[in-house]
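# Fold and contact review
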Amino acid sequence: MADLEGVQWWYAGMRRIARALLTPLLQGGPEGRRILDAGCGTGWNLQDLSTFGDTYGIDLSPLAVITTRRRGGRVTQGDLLGLPYASSSFDVVTSFDVLYHAWIKDDAQAVRELARVLKPGGLILVKAPALKILWGAHDEAVFSRHRYTRGELEALLEGAGLHLVRSTYANSLLFPVLLSRRFLDRAFNRHGSDVSLLPPFLERLFGGLLTIEAGLLGAFDLPIGASVFAVARKPGA
């Protein structure tokens, strides 16, 4: 992840989509805005989100914390089920592909914690792998617990007292390819993660398709895809 997160088509494309969702909702300059990335991994999202404000990360993995600190990120080791921050500490909270993980024993409690540390009026963006039909070797390799529908992710946010702003699937244009890949995985009993670099022309092609999706999301939500995003706001001033 540390080697590929900055360059691989999927990671870079997902960051472009997150920016497309957040940019219209974050008014004014970044001065004074505090952003928490919960489950920050190796820290690339902290760098990307820094255009919106001051970024802080938290991750349960000691190796992730060490890697992020080497990259210059402000990061704390901790658990999403009990965040070591005061209530109403952050203007924006993000969580990319964390709720699905086997380490998260109670995703509803994790979302309640994300909501607790968010200021009234603040925004939360959550991303998760989508649709059980896409379950495959990669999910097992990265310790997945669940793949979410759009409705399930919406219910988690609303159950924590947040007001849904929008939700959408993503990685939609490649959905037929990904679905075929999962059927082949099962047919040939393939094991291992999908986290690797493709040949350069495929990296450019797949990355370009996610760039198109980021543009489309400026106008409408996407009806199906391999990932699901949801954005919500905490009630208050």
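In what follows, the accompanying structure is described. Once a new chain begins, its residue numbering starts again from 1 and follows that chain's sequence as written. With pLDDT at 70 or above as the cut-off, local features in this predicted model cover only qualifying residues; side-chain atom pairs require 80 or more to be listed or tallied, and sums for whole chains, interfaces and linings still use all residues. In computing side-chain properties, one takes all heavy atoms of the structure into account and sets aside hydrogens as well as water.

### Regarding helix H7 (residues 175–188)
Worth spelling out the cut-off: Only DSSP runs of H or I with at least four residues qualify as helices, and only runs of E with at least two residues qualify as strands; both kinds are numbered from the N terminus onward. What a helix should span is 1.5 Å times the count of its residues minus one. Accessible area is worked out with a 1.4 Å probe on protein chains only. A residue is then buried under 20% of its type maximum, exposed over 50%, and partly exposed in between. The arc in question is formed by the directions pointing from the helix axis toward the C-beta atoms. Contact between two residues is taken to exist if any of their heavy atoms lie within 4.5 Å; hydrogens are not considered.
Between its first and last C-alpha, H7 extends 20 Å over 14 residues, near the 20 Å set by a 1.5 Å rise per residue. Among all positions in H7, only Phe 175, Leu 179, Arg 182 and Asp 185 are buried. In a view along the axis of H7, the buried residues occupy a sector of 115°, so they form one face of it. Exposed side chains of H7 directed beyond 90 degrees from the buried face belong to Ala 187 and Phe 188. Looking at the buried positions of H7, the neighbouring elements they touch are helix H5 (137–141). Directly after H7, the chain includes Asn 189, whose backbone phi takes a positive value near 55°.

### A short note on the pairing of strand S7 (residues 227–233)
Here is the rule: Only strands joined by at least two bridges in the DSSP assignment are considered to pair.
Summarising burial for S7: 6 of the 7 residues are buried, a large majority. Of the strand pairs in this sheet, strand S5 (residues 118–129) and S7 are connected by 7 bridges, and their pairing is antiparallel. Pairing of Lys 127 across the sheet is with Phe 229, part of S7. Bridge count for strand S6 (residues 163–170) against S7 is 7 bridges, and the pairing is antiparallel. Counted as the bridge partner of Leu 164 is Ala 232 from S7.

### With respect to the packing of aromatic side chains
The line we're drawing: By convention, a stacked pair of Phe, Tyr or Trp rings (six-membered ring in the case of Trp) has centres within 6.5 Å and planes under 30 degrees apart, an edge-to-face pair has planes over 60 apart, and any other such pair is tilted. Should the NZ of a Lys or the CZ of an Arg lie within 6 Å of a ring centre and within 35 degrees of the ring normal, that charge is described as sitting over the ring.
Inspection of the entire model under this criterion finds 4 aromatic pairs. The interplanar angle of 70° and the centroid separation of 5.1 Å between the aromatic rings of Trp 9 and Phe 206 together place this pair among those described as edge-to-face. Here Trp 9, found in helix H1 (residues 9–22), pairs with Phe 206, found in helix H8 (residues 200–216); they are 197 residues apart in sequence, far enough to count as distant. Owing to a relative accessible area of 9%, Trp 9 belongs among the buried residues under this scheme. Ring plane angle 75° and centroid distance 5.2 Å describe the contact between Trp 10 and Tyr 11, whose orientation is recorded as edge-to-face. Across from the ring centre of Tyr 56, 4.6 Å away, lies the NZ or CZ of Arg 34, which sits over that ring. Seen from the ring of Tyr 56, Arg 74 lies directly overhead, with NZ or CZ sitting 4.5 Å from the centre.

### Some thoughts on the nonpolar core
Basically, it comes down to this: By nonpolar core is meant a set of buried Ala, Val, Leu, Ile, Met, Phe, Trp, Tyr and Cys residues that side-chain atoms within 4.5 Å join together.
Leu 36, Leu 80, Leu 83, Val 93, Leu 99, Ile 124 and Leu 157 are the most contacted members of the largest nonpolar core, which totals 37 residues. Elements with a minimum of two residues in this core: strand S1 (34–38), strand S4 (90–96), helix H4 (107–116), S5, helix H6 (150–159), H7 and S7. Setting aside anything within four residues of it in sequence, one finds Leu 36 in contact with Tyr 56, Gly 57, Ile 58, Leu 83, Tyr 85, Phe 90, Val 92, Val 93, Thr 94 and Val 117. One finds Leu 21, Leu 174, Leu 222 and Phe 229 within the second-largest nonpolar core, a separate group that totals 23 residues.

### Some points on the sheet that holds S5
Note the following rule: Whenever a helix is involved, its axis is fitted only over the stretch in contact; in every case the axis is a line through C-alpha atoms, and angles between N-to-C directions fall within 0 to 180 degrees.
Taken in spatial order, the 7 strands make up an open sheet running S3-S2-S1-S4-S5-S7-S6, and their pairing is mixed. Both outer strands of the open sheet, strand S3 (75–77) and S6, are each paired with one neighbouring strand and no more. When the angles between neighbouring strand axes are averaged without regard to direction, this sheet yields 15°. Where S1 and strand S2 (residues 54–59) come together, 5 bridges link them in parallel fashion. Directly across from Leu 36, in S2, lies its bridge partner Tyr 56.

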